[in-house]
Amino acid sequence: MKKGMECMGKAVNPFIPLYRTCDTGTNEEKYQLLKDGKLTVPRYLDVELTNLCNFQCCFCPTGTHSMKRTKGMMPESVMERLLEDVRKHQIPGVRVIGWGEPTLHPHWMEFLHDVKSGGALVHLGTNGSRLSDEEMQQLIDMGVDSIKFSFQGADAASYGEMREGGDYHQLVETVQTMHRLRGDKLLPFIQISTTLTVESPEQVTAFRKEIEQYCDYCNIGYTMLNHLSVDAMDVSAEKREKIRKMQEQEAVHHVYRTVCSDAFDKLDIHWNGDAVLCCSDYDNFMVVGNILDQDVTDIFQSRIAGLYRDMIVKGEYGRIQCCSTCWETVPLTK
């Protein structure tokens, strides 16, 4: 949950109570809940149906091919085990997001339906490029709790600069269609998320004026680029140079996050069943188990998870790949 400029509509996100709980307390207090056995089940799961994407975004390890992890689609065996654990342990929420575009999975709609039928809150994060009117209506009819459309920049030009393969105007139309189809219903809660690089205040104002009338929540954050290894990217020399220049232009203070709402409160499940402790873990740096081998609660309370949590509580961020570049990103004032 990145900090940024936000606007709110009338609808209320059903996930808010979960988010507030995860954002409450210190790392020490959160860890004590786990050690005392007062928290034994993840508050919610982030589920990656695939780490394949139809976009090639220059800020993403999937789009730049710097991700070393095997690419694939979540098999039926992993889906079934996930659904079993969600129902058995009454896990409150499931967010279908990750390091790929979920709607590329041939059974993404069925999975959302099955999770929702099991009693959990359901969230879908998407680049919006593949959603048909019929599919959006299905999401509304099944009562999906929230959907986030991922933008970039603040207009067609800045969007296209960062997202190869996307169409800004088509995405705006998709959001408008979802809003129209939903009508007077309050679900799904419609979210818009974008991050900026060098866009002007005027561009941001125009973006908000264009889009916020079709959503319940708009988050405008800042694109983090300096954590990327340009040399590891499988992209053209021209694109490498472009990213390096953007990194030079990035004007931010880097301060470590004081509270981690990932490692102590939830699990991320990758497409092959691997469980990790961080939403930024694109290459299995913090694997703590696999749901095909263990119950999700055993993974959540595992010894290896405890070792990572110990380091986080002690502030030893440099010892963990994901934590070492987990910044609160704040623009410099001139």
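One can find the structure itself at the top, above this paragraph.
About the cut-offs
Each chain carries its own residue numbering, running from 1 in the direction its sequence is written. For this predicted model, a pLDDT threshold of at least 70 governs which residues receive local features, and a threshold of 80 or more governs which side-chain atom pairs are given and counted, while totals over whole chains, interfaces and linings are taken from all residues. In computing side-chain properties, one takes all heavy atoms of the structure into account and sets aside hydrogens as well as water. Secondary structure elements are taken from DSSP: a helix is a run of H or I of four residues or more, a strand is a run of E of two residues or more, and numbering for both begins at the N terminus. Whether a residue is buried, partly exposed or exposed follows from its accessible area with a 1.4 Å probe, protein chains only, as a fraction of its type maximum: under 20%, in between, or over 50%, in that order. Here, residues are in contact when the closest pair of their heavy atoms is within 4.5 Å. Put simply, a disulfide is two cysteine sulfurs that come within 2.5 Å. When a carboxyl oxygen of Asp or Glu lies within 4 Å of a side-chain nitrogen of Lys or Arg, that pair is called a salt bridge. To define axes, lines are fitted to C-alpha atoms, for helices over the stretch in contact only, and angles between the resulting N-to-C directions are given on a 0 to 180 degree scale. Roughly parallel means an angle under 35 degrees; roughly antiparallel, over 145; roughly perpendicular, 65 to 115; everything else is oblique. Here a crossover is taken to be right-handed if, once the strands point away from the viewer, the path from the first strand over the helix to the second is traced clockwise. Stacked, tilted and edge-to-face are the three classes assigned to paired rings of Phe, Tyr and Trp, where Trp is represented by its six-membered ring and a pair needs centres within 6.5 Å; plane angles under 30 degrees give stacked, over 60 edge-to-face, the rest tilted. Whether a charge lies above a ring is judged from NZ of Lys or CZ of Arg, which has to be within 6 Å of the ring centre and within 35 degrees of the ring normal. Take the residue count of a helix, subtract one, and multiply by 1.5 Å to get its expected span. Any N or O atom pair separated by 3.5 Å or less is treated as a polar contact, with the protein-specific requirement of one donor-capable and one acceptor-capable atom, and with residues adjacent in sequence counted only for side-chain atom pairs.

### Here we look at the side chain of threonine 126
Its place among the elements puts threonine 126 in strand E5 (residues 121-126). When its relative accessible area of 4% is taken as the criterion, threonine 126 is described as buried. Each residue touching threonine 126, except ones within four places of it in the same chain, is listed here: Glu101, Thr103, Leu131, Ile147, Lys148, Phe149 and Ser150.

### Remarks on the state of the cysteines
Under the definition given, this model contains zero disulfides. In this structure cysteine 58 is not part of a disulfide, and its nearest cysteine sulfur, from cysteine 57, lies 7.4 Å away. Judged by its relative accessible area of 2%, cysteine 58 is buried. Of all cysteine sulfurs in the structure, the one in cysteine 260 sits closest to cysteine 323, which takes part in no disulfide; the separation is 6.3 Å. According to the relative accessible area criterion, cysteine 323 is buried, its value standing at 11%.

### Focus on the pattern of salt bridges
Applying the stated criterion to the full structure yields 14 salt bridges. Residues glutamate 212 and arginine 208 are paired through a salt bridge, measuring 3.7 Å at the closest nitrogen-oxygen approach. The class of glutamate 212 is partly exposed, set by a relative accessible area of 32%. A single network of salt bridges, built from pairs that share partners, joins Asp46, Arg95, Asp262, Lys266 and Asp268.

### Observations concerning the packing of helix H7 (residues 168-182) against helix H8 (residues 201-211)
Two elements in contact, H7 and H8, have axes whose closest approach is 11 Å; the angle formed by their N-to-C orientations is 40°. Comparing their axes, H8 and H7 come out oblique. Residues Tyr168, Val172 and Val175 of H7 form the contact with H8, whose participating residues are Phe207, Glu210 and Ile211.

### Examining the pairing of E5
Counting buried residues in E5 gives five out of six residues, a clear majority hidden from the surface. For the crossover from strand E4 (residues 93-96) across helix H4 (residues 108-117) to E5, the handedness is right-handed. With helix H5 (residues 133-142) bridging E5 and the parallel strand E6 (residues 146-150), this β-α-β connection has right-handed handedness.

### What to know about the packing of aromatic side chains
Overall, the coordinates contain eight aromatic pairs when judged by the stated rule. Here the aromatic rings of tyrosine 19 and tyrosine 44 are separated by 5.9 Å at their centres, their planes lie at 75°, and the arrangement is edge-to-face. In this pair, tyrosine 19 sits in helix H1 (residues 16-22) while tyrosine 44 sits in strand E2 (residues 44-47), placing the two residues 25 residues apart along the sequence. Here tyrosine 44 falls in the buried class, since its relative accessible area comes to 1%. Look at phenylalanine 151 and tyrosine 168: their rings are 5.8 Å apart centre to centre, the planes differ by 75°, and that puts the pair in the edge-to-face class. Pair noted here: phenylalanine 151 is in the loop between E6 and helix H6 (156-162) and tyrosine 168 is in helix H7, with a separation of 17 residues, a long-range link. Feature note: the residues Phe151, Tyr159, Tyr168 and Phe207 constitute an aromatic cluster, connected by ring pairs. In this arrangement the basic side chain of arginine 309 is found over the ring face of phenylalanine 300, its NZ or CZ atom lying 4.9 Å from the centre.

### A word on the environment of leucine 131
Within the secondary structure, leucine 131 sits in the loop between E5 and H5. In this structure, the C-alpha to C-alpha distance between leucine 131 and threonine 103, residues 28 residues apart in sequence, is 7.7 Å. In this view, leucine 131 contacts Thr103, Trp108, Thr126, Met136, Leu139, Ile147, Phe149 and Thr174; residues no more than four positions away in its chain are not counted.

### What about the environment of serine 200?
Along the polypeptide, serine 200 turns up in the loop between strand E8 (189-196) and H8. Sequence separation between serine 200 and alanine 154 is 46 residues, and the spatial gap between their C-alpha atoms is 8.8 Å.

### A word on H7
Between its terminal C-alpha atoms H7 stretches 21 Å, which fits the 21 Å expected from 15 residues at 1.5 Å a residue. For H7, the complete set of buried residues consists of Tyr168, Leu171, Val172, Thr174, Val175, Thr177, Met178 and Arg182. Structurally, H7 contributes buried residues whose contacts are with H5, E6, H6, E8 and H8. The N-cap of H7, judged by a side-chain oxygen 3.1 Å from the amide nitrogen of histidine 169 a few residues on, is aspartate 167. Note on H7: the residue one or two positions beyond its end, glycine 183, has a positive phi of about 60°.

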